Amino acid sequence: MSTSYSSSSSSRESHLVELVDDGGGAVGSMTVDEAHRAPGLLHRAFSVLLVDGDRRLLLQQRAAVKTRFALRWANACCGHPAPGETVTSAAARRLVEELGVSGVPLREVGVYVYQASDPSSGRVEHEYDHVLVGDASDISDSLALGAVDPEEVAALEWVAVEDLEARLSHSPDLYAPWLAGVVSVWRGSTA
């Protein structure tokens, strides 16, 4: 494992994202900041689920400085590939930047398209979200909060998928609005 804090949350707002059509075809680019202004423009994103040998999922509580859905619990890692960057290479890069985790093979299991407005910031997520899964069996015992970027992650927790689904049903406002859909895509891929 290695740690890298190559860019802060605020500077990532100036990075480019790839705008897409309803089928996921690239149609242009703009900054993260512009794409997340109301009403939100559909753009490519990814969500990484890390699953350990006991089929527990790693959750991260998003840092307080996040511009969208701060302090909500989400999957292990999220982000946006740069225009022309592959989703898997962008996801691997963000796992290192956010969690200090490298070398976890990722496989795409589907896409979740959603739109959600953050009531606290007024920002909008409208994403064509590629769902990626990685086997974290070899790292689950060694993953520690001290290895994460504090501008990205406030807390970590391993949770059984059945427990997570019950929590999502009972207290959805504690979780990022994409989490239930991302978990559903993964569960559908394992059926």
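Scroll up a little and you will see the structure.
Throughout this document, residue positions are counted from 1 along each chain, in the order its sequence is written. In view of the model being predicted, local features appear only for residues whose pLDDT reaches at least 70, and side-chain atom pairs are presented and counted only at 80 or more, with totals across whole chains, interfaces and linings using the full set of residues. Only hydrogens and water are removed before side-chain values are computed, so all heavy atoms of the structure are retained for them.

Cavity and pocket criteria rest on a 1 Å grid covering protein atoms alone: a 1.4 Å probe that fits but cannot get out defines a cavity, protein on both sides within 12 Å along at least 5 of 7 lines defines an open pocket, and an atom within 4 Å of a point defines a lining residue. Grid points are joined across faces, edges and corners, and a volume is the space filled by probe spheres set on the points. For the largest pocket, the calculated volume is near 440 Å³. Along its surface, the largest pocket is lined by 31 residues, and R12, R68, C78, G79 and H80 are the ones closest to its centre. If you list the elements that add at least two residues to the lining of the largest pocket, you get α1 (9–12), β3 (43–51), β6 (77–79), α3 (87–99) and β8 (124–135). No other element matches α3, which puts four residues into the lining of the largest pocket. The class makeup of the residues in the lining of the largest pocket is 10 nonpolar, seven polar and 14 charged. Helix numbers and strand numbers start at the N terminus; a helix is a DSSP run of H or I with at least 4 residues, a strand a run of E with at least 2. The nonpolar class holds Ala, Val, Leu, Ile, Met, Phe, Trp, Tyr, Cys and Pro. Asp, Glu, Lys and Arg form the charged class, and all remaining residues, Gly among them, are polar.

Further remarks concern the environment of A155. Locating A155 in the fold gives a position in strand β9 (residues 153–160). As for A155 and L59, which are separated by 96 residues in sequence, their C-alpha atoms are 8.3 Å apart.

A few words now on the pairing of strand β1 (residues 16–20). Regular strands show a simple pattern: their side chains alternate between the two faces of the sheet. Accessible area is worked out with a 1.4 Å probe on protein chains only. A residue is then buried under 20% of its type maximum, exposed over 50%, and partly exposed in between. Summarising burial for β1: four of the five residues are buried, a large majority. As paired elements, β1 and strand β2 (residues 26–31) share five bridges and run antiparallel to each other. Residue pairing across strands places V17 opposite M30, the latter belonging to β2. We treat two strands as partners when DSSP finds at least two bridges between them. Hairpin connection of β1 to β2: five residues between the antiparallel strands, including G24 at a positive phi of 90°.

Quick look at unusual backbone geometry now. Cis geometry is found at the peptide bond from A38 to P39, where omega equals 10°. Examined against the element boundaries, P39 turns out to sit in the loop between α2 (32–35) and β3. With a phi angle near 55°, F69 is a residue other than glycine that sits in the positive phi range. In this fold, F69 is placed in the loop between β4 (56–62) and β5 (73–75). In this structure F69 comes out as buried when scored by relative accessible area, which is 2%. A positive phi angle, near 65°, is found at L71, a position not held by glycine. Relative to the assigned elements, L71 resides in the loop between β4 and β5. For L71, a relative accessible area of 43% translates into the label partly exposed.

With that settled, consider the pairing of β3. Across the nine residues of β3, nine count as buried, placing the element largely inside the fold. Of the two faces of β3, the one carrying H43, A45, S47, L49 and V51 and the one carrying R44, F46, V48 and L50 are both buried. Where β3 lies against β8, nine bridges are found, and the strand directions are parallel. Paired with R44 across the bridge in β8 is Y128. Two elements, β3 and β6, share three bridges in a ladder whose sense is antiparallel. Within the sheet, the bridge partner assigned to F46 lies in β6 and is G79.

Counting residues in hydrophobic clusters, the biggest one holds 26 residues, and the most contacted among them are L49, L57, L164, W178, V183 and W186. At the level of secondary structure, the elements contributing two or more residues to this core comprise β3, β4, β5, β7 (106–117), β8, β9, α4 (161–170) and α5 (179–189). Examining the composition of this core, we find that five residues originate from one element, α5, more than from any other. The residues contacting W186, other than those within four sequence positions of it, are L49, V51, R55, L57, V109, V133 and V161. Definition used in this section: a nonpolar core is a set of buried Ala, Val, Leu, Ile, Met, Phe, Trp, Tyr and Cys residues joined via side-chain atoms within 4.5 Å. Formed by 20 residues, the second largest nonpolar core is a distinct cluster that contains V48, A90, A136 and I139. A contact between two residues is defined here by any heavy atoms of the two lying within 4.5 Å.

This part takes up the pattern of salt bridges. Each salt bridge in this description consists of a side-chain nitrogen of Lys or Arg and a carboxyl oxygen of Asp or Glu lying within 4 Å of one another. By the definition in use, this model includes 17 salt bridges. We note a salt bridge from E152 to K66, for which the minimum N-O separation is 2.5 Å. In this pair, E152 sits in the loop between β8 and β9 while K66 sits in the loop between β4 and β5, placing the two residues 86 residues apart along the sequence. A single burial state applies to E152 and to K66, both of which are buried. The residue E165 makes a salt bridge to R187 at a minimum N-O spacing of 3.1 Å. With E165 in helix α4 and R187 in helix α5, the pair connects residues that are 22 residues apart, well separated along the chain. Shared partners join several salt bridges into a network, and the residues in it are R12, K66, E85, R93, R94, E97, E98 and E152.

Purely geometric numbers; function is a separate question.
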